[in-house]
Amino acid sequence: MEHLVEEPLVAKDFVTNQDVRWCPGCGDYAILSAVQKALPQIGKKKEDIAFISGIGCSSRFPYYIESYGFHTIHGRAPAIATGVKLSNPNLSVWQITGDGDALAIGGNHYIHALRRNIDMNILLFNNEIYGLTKGQFSPTSQTGIVTKSSPQGTTDRSFNPGKLALGAGANFFARVIDIDPKRMIDVFIEAEKHRGTSLIEILQNCVIFNDKVFDNVTNKAVKLDTQLWLKHGEPMIWGAENNKGLRLNGLQLEVVTIGENGITEADILVHDAHCEDDTLHNMLINMATPNYPVAFGVIRSVTSLTFDQGVYNQLENEKANSRFKSVNELLNSGVTWEIN
Ligand SMILES: Cc1ncc(C[n+]2csc(CCOP(=O)(O)OP(=O)(O)O)c2C)c(N)n1
Ligand code: SF4
């Protein structure tokens, strides 16, 4: 009998027959394409992958990925994703969320997913606005932004999603940009390899309600001077002339120029993504223009026991040591009554 050889999956195997209903030019398209290119490289079958989302433009994502998917309720994707992961630990679970979905209505669920360290990947599409509901300000919008829901400009102070995540105990945090597919793909693959909650903040352009909000970082004319791409074990160097570096000056990060004032590469901090102490990771996540570059890539990646593994360890322990071998045995143990 002829043997059926399984062909390796390619990006188009993860494309569905659904019409993609995002505005032309939306950053979500590039993220979708990057995910479809990353998935064949994680080595899982389509039926072993699940995409779970809340509500928002970004949360339409599960319709467009040929895998299991669940478009759930606003802000509550972490709860569903936790259940999915616990019921089938073999699944690769991806939560898709926006800054409104994750940090406003879903803020509580966001911090507890990170605290618990459930083994899943969270892709946080940060466009600093509510896209689906037509442009109200969100918890990441910059102070003073004028929107339909803030005609005089907001007086809110904004959240930094990474800083909040580390405060909640996150062990994996990365930041990428929608217009940089290669680096997005690499980081998605790294996130999938990491056991625990992997949070990736994606700077995503909403062409309709917040166009070019990240232009100060992403614009071709400035990007070499405003983006620091971190790699574990490599010095923190960037710039059009590749001569800008970071060093510690007391308790602060200082931008220095290699070749000036006797500064050499040896003076520059080397990135340690695996350091358990998150002090430096927090400082990197906090950096903003114009005084600093914005940090990208995997900023923190530390391994510790996952929530799901903890639950499974308990189950194994119970199975090995309990005097009950089934739920029926448990229910019929002790004193029971029959109600007529
Ligand atoms: C319980 C509930 N409250 C409010 C809404 C309205 N609503 C739908 S999407 C959304 C915000 C989405 O913003 P974001 O998560 O940033 O996603 P984007 O559309 O920008 O991708 C809101 C407030 C809702 N659908 N359900
Ligand atoms: S409203 Fe913004 S985020 Fe939503 S699909 Fe359009 S461009 Fe994308």
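Residues numbered from 1 in each chain as written. Chains lettered and ligands numbered in written order. Predicted model: local features only at pLDDT ≥ 70, side-chain atom pairs only at ≥ 80, totals over all residues. Heavy atoms only, no water.

When the UniProt feature table is mapped onto this chain, "domain: Thiamine pyrophosphate enzyme TPP-binding" (unreviewed entry) is found at residues 55-202. Regarding residues 55-202, the helix share stands at 32% and the strand share at 20%, and the terminal C-alpha atoms are separated by 17 Å. (UniProt positions renumbered as here; feature names shortened; annotations may be inferred. Helix = DSSP H or I, 4+ residues; strand = E, 2+ residues; numbered from the N terminus.)

Turning our attention to the sheet that holds strand 8 (residues 237-238). A sheet is described by the order of its strands in space; here three strands give the open sequence 8-9-10, paired in antiparallel fashion. Looking along the sheet, the strands with just one partner apiece sit at the ends: strand 8 and strand 10 (252-257). Bridge count between strand 8 and strand 9 (residues 244-249): two bridges; the pairing is antiparallel. When the bridges of strand 9 are listed, Ile237 appears paired with Gly245. Contacting strand 9 and strand 10, helix 9 (residues 279-286) runs over the sheet at an angle of about 60 degrees to strand 10. (Pairing = 2+ DSSP bridges. Contact = heavy atoms within 4.5 Å. Axes fitted to C-alpha atoms, helices over the stretch in contact; angles between N-to-C directions.)

In the structure shown here, the tally under the stated rule is eight salt bridges. Residues Asp119 and Arg195 are paired through a salt bridge, measuring 3.0 Å at the closest nitrogen-oxygen approach. Pair noted here: Asp119 is in the loop between helix 4 (107-116) and strand 4 (120-126) and Arg195 is in the loop between helix 6 (181-193) and strand 6 (197-203), with a separation of 76 residues, a long-range link. Of the residues examined, Asp119 reaches a relative accessible area of 9% and is grouped as buried. With relative accessibility at 43%, the residue Arg195 sits in the partly exposed group. Lys212 is the partner of Asp211 in a salt bridge, and the nearest nitrogen-oxygen pair spans 3.6 Å. Taking relative accessible area as the criterion, Asp211 reaches 38% and is therefore assigned partly exposed. Classification of Lys212 as exposed rests on a relative accessible area of 53%. Linked through salt bridges whose partners overlap, the residues forming this network are Lys85, Asp119 and Arg195. (Salt bridge = Lys/Arg side-chain N within 4 Å of Asp/Glu carboxyl O. Buried < 20%, exposed > 50% of the residue type's maximum accessible area, 1.4 Å probe, protein only.)

Bringing the site of ligand 1 into the picture now. As a structural note, the neighbourhood of ligand 1 is formed by 16 residues, with Cys57, Ser58, Asp101, Gly131 and Leu132 the closest of them. Within the backbone of Asp101, one N or O atom sits 2.7 Å away from an oxygen atom of ligand 1. Note that an oxygen atom of ligand 1 is positioned 3.0 Å from one of the side-chain N or O atoms of Asn127. Relative to its free-state accessible area of 590 Å², ligand 1 is covered by the protein chains to the extent of 73%. Residue classes in the shell around ligand 1 are distributed as six nonpolar, eight polar and two charged. (Near = heavy atom within 4 Å. Polar contact = N/O pair within 3.5 Å; in protein donor to acceptor, adjacent residues only side chain to side chain. Areas by Shrake-Rupley, 256 points an atom, 1.4 Å probe, with all protein chains shown as cover. Nonpolar A, V, L, I, M, F, W, Y, C, P; charged D, E, K, R; others polar.)

Phi is mostly negative for residues that are not glycine, and the peptide bonds are mostly trans. Across the junction of Thr289 and Pro290, the peptide omega takes the value 5 degrees, indicating a cis bond. Looking at the secondary structure, you find Pro290 in the loop between helix 9 and strand 11 (294-301). At Glu128, a residue that is not glycine, the phi angle is positive and equals roughly 55 degrees. Mapped onto the fold, Glu128 is located in the loop between strand 4 and helix 5 (161-167). Although it is not a glycine, Lys134 sits at a positive phi angle of roughly 75 degrees. Relative to the assigned elements, Lys134 resides in the loop between strand 4 and helix 5.

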